[in-house]
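Fold and geometry: a report
This is what each chain is made of:
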Amino acid sequence: MPDTLLHGLQPLIERRQSINEDLARDGVRFGIYKNGQFHEQIFPYDPVPRVIGADEFDLLARGLAQRVRALNAFLRDIYSDKQIVRDRVIPEDFIYSSSGYLPQINEVMPPAGVYAHIAGEDLVQAEDGTWVVLEDNLRIPSGASYPLIARGITRRIAPEVYAANHVRDNRDYPDLLSEAMDFCSCGGIPVILTPGRYNAAFFEHSYLAELTGAALAQPSDLVVDDNQLFFVDYAGEKHKVGVVYRRISDEYLDPFCFNPDSVIGVPNLISAYRAGNVAIVNAPGNGVADDKGIYYFVPAMVSYYLGEQPLLQNAPTYLPLFDRDRAYVLEHLDSLVVKDVAEAGGYGVVFGDTLTRDQLADLRDKIKAEPRRFIAQEVVRFRDLPSVDAAGNPCRRMADLRAFVLTGEDTRVWASGLTRYANEPGSMVVNSSQGGGFKDTWVLSR
Amino acid sequence: MGPITLTSADQLYWLGRYTERVYTTLRRFFSTYDQGIDHGPEDFRSFCRELDIPFDPELSTDDLIRGILYDRDRPWSVCSSMRAAFGNAMMLRSELGTPTTAYVELALIRLKESKEPDTRLLRQRSVHDDLLAFWGSIEDGTALPEVKALLFTGKYIERLDLYARFGAPSERLDLAAEKLARQIEAIAHPECLPVSSTLTWLAEALSGRGYAAVGEKVAALAAQADGAAPVRPAGPGVPVVQASSAGRRPVEGPAPQQRLARAEGRGR
């Protein structure tokens, strides 16, 4: 943390109990399934924010916007001409073997041509200060609501901290989201589609609906009639939906198009989408672009589609599908982090230096048998951040940053983000499902 | 905030019912507890009977109270009602707003904190305060008039049911029925909701408990909600229920006025 840019964070630390009480009062929590049972818990909050200087954020934002513009171009291309495959920048195997690629929406151009309206870009800052992208989340990235609501609470509880530091207001997120939704709307009301209370991010669904004024819909509230999506009120009156910000995975979105066993989807939604009568945010099929294997090629996409040098770098990544990379991975497995491309939420991530000799041998066999299933990365030693522990004592914790990039008429980066920190000293697992907490992310205005 | 779905309408109605159930049951509990200070747990026998709660005379007073208030596995406990209210409230954040739903969250937190016998009554007062603030916040907030009406319809249906169970003076039920009528009028399409059938049930329950006139009034509301010609109930101050009607109340126990006086800690 650039301490020289900060003044008097102590009130935030001293009043952390009041902050936590307000977070609980406002219902700031997330759900988690353990042993098949749903549990809701308060999201642990650390009052010491991550601080990003104004100049540093400007550079970061330019890199993030560039990356998301390239990813949108890739999605437009891959669901139409597939020129990037023809030009052999990306092997076609990586497209068609991706579980995120949906042939059902091939040749379907989404309203306004935008696929990734909301991108959650996961980054870490290496010890030398370089920002490194770890993942692009282009399906249903969650987390913006937590720093958003925390900011309102902390400004009220410790206003003098904000008076002394020039922090950019982050409470414009609902406006950015509304603008992105309005831009692609096909005429009609905006809707946020939630699978319901027992979704891990239900708090966020309901909170964003409240702040944007969109109707919060459960699948049973929506119906497709004559290729139009409608929101049905209690009197049976149908209201046309112009844009649906769905918080349901592709495979469950429409049982007539994808998983026929889905009971949380809207039958025929994809037909309405194909007909150009409703925008879906984010567009179905984006999973092909945030596949952990495709991630490897994103810097190349930037050059290919935009003719620019990528401003942000990936963590050094190896694809075992390539002979040379596989040989390297198998030889250096004990110093790499291996990720299962089918997993998310911190699951399926293995640090080679934690494995026994037998476990390493087992993993080598799996990689040889299914090379497309894994990627391997050099372990990025990222900066730990100043924090306070549960007792209020100063400590340091590893943390990442999920930045939010919203695309409507323009691609804009939200001047904040979700900083997730690891629960244990030295741990790099920051996922909330694995016990991690969150911090606000301050972007200084000067 | 979009149009009101059937799901939301149902949740609003039940949020109104459960919050009222917690509030009024706790008030009744206060006075019963107060009586028990002098007379022991026997007073809880009638409290349990009024609410159809199984009464086990072998239980200690503290176990009895813990069961009534905090046993989350019993659908009749205050805790269960509070959790049910909370479950509905969290689904209605976009209709009611976070500042308003926060009061339900607070009431649940305070109820959990009130388990300690030493501070029980003090903490429960906070639950009351939070529920009053919740209703006030809805009244004064930005929710659509129909949203408010659906919630308060549930609230006053529950109030009528509980007041009749507790044997409240008929004037009190009459006032609640007046308020209920105003809420139903603000619902654009009550015929599309199970309002009429609920009111019919309530009217029969009220009549069965000795409040025939209020029952008739509620029956008229049921017809109105079903799409029949609107029937305005009698205005405030009109004595639609005679004190003697309480004599037909099938539940054994003291006369209504006497019971309510005890419920409010008066009369002794």
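Relevant structure appears above.
Because the structure is predicted, anything quoted here is derived from the model rather than measured.

Once that is clear, we can look at the interface of chain B and chain A. Taken together, the contact between chain B and chain A spans 23 residues of the former and 25 residues of the latter. Among the secondary structure elements, those contributing two or more residues to the side of chain B that touches chain A are α1 (6-39), α5 (93-96) and α6 (98-113) of chain B. Among the elements that make up the side of chain B that touches chain A, the one with the highest residue count is α6(B) (six residues). Partitioned by chemical class, the residues of the side of chain B that touches chain A number 13 nonpolar, eight polar and two charged.

Before going further, it helps to spend a moment on the nonpolar core. All names here are of chain A. Membership of the largest hydrophobic core comes to 124 residues, with the highest contact counts inside it found for L71, V191, I192, L229, V244, V278 and V281. Sort the elements by how many residues they give to this core and helix α3 (residues 54-78) lands first, with 10 residues. Two domains each donate at least three residues to this core, and these are domain 1 (3-310 + 381-443) and domain 2 (316-378). Excluding residues within four positions of it along the chain, L229 makes contact with L222, V224, V241, V244, L269, A272, N277 and V278.

Right, let's get into the packing of α1(B) against helix α2 (residues 43-50) of chain B. All names here are of chain B. Where α1 meets α2, the closest approach of the two axes is 8 Å, and the angle between their N-to-C directions is 155°. The pairing of α1 with α2 is recorded here as roughly antiparallel in orientation. Seen from α1, the contacting residues are R28, T32, Q35, G36 and H39; seen from α2, they are D43, F44 and F47.

Further remarks concern the sheet that holds strand β13 (residues 317-318) of chain A. Within a sheet, each strand pairs with its neighbour through backbone hydrogen bonds, oriented either parallel or antiparallel. Residue and element names in this part refer to chain A. Here four strands make up an open sheet; going across it, the order is β13-β16-β14-β15 and the pairing antiparallel. With one partner strand each, in any of the chains shown, β13 and β15 (349-351) form the two edges of the open sheet. Pairing between strand β14 (residues 336-340) and β15: three bridges, direction antiparallel. Of the residues in β15, the one forming a bridge with V337 is F351.

Parameters and conventions
- Residues numbered from 1 in each chain as written.
- Chains lettered and ligands numbered in written order.
- Predicted model: local features only at pLDDT ≥ 70, side-chain atom pairs only at ≥ 80, totals over all residues.
- Contact = placed C-beta atoms within 7 Å.
- Helix = DSSP H or I, 4+ residues; strand = E, 2+ residues; numbered from the N terminus.
- Nonpolar A, V, L, I, M, F, W, Y, C, P; charged D, E, K, R; others polar.
- Core = buried A, V, L, I, M, F, W, Y, C linked by C-beta atoms within 7 Å.
- Buried ≥ 20, exposed ≤ 12 C-beta atoms within 10 Å, placed from the backbone.
- Domains from an automatic or database assignment.
- Axes fitted to C-alpha atoms, helices over the stretch in contact; angles between N-to-C directions.
- Parallel < 35°, antiparallel > 145°, perpendicular 65-115°, else oblique.
- Pairing = 2+ DSSP bridges.

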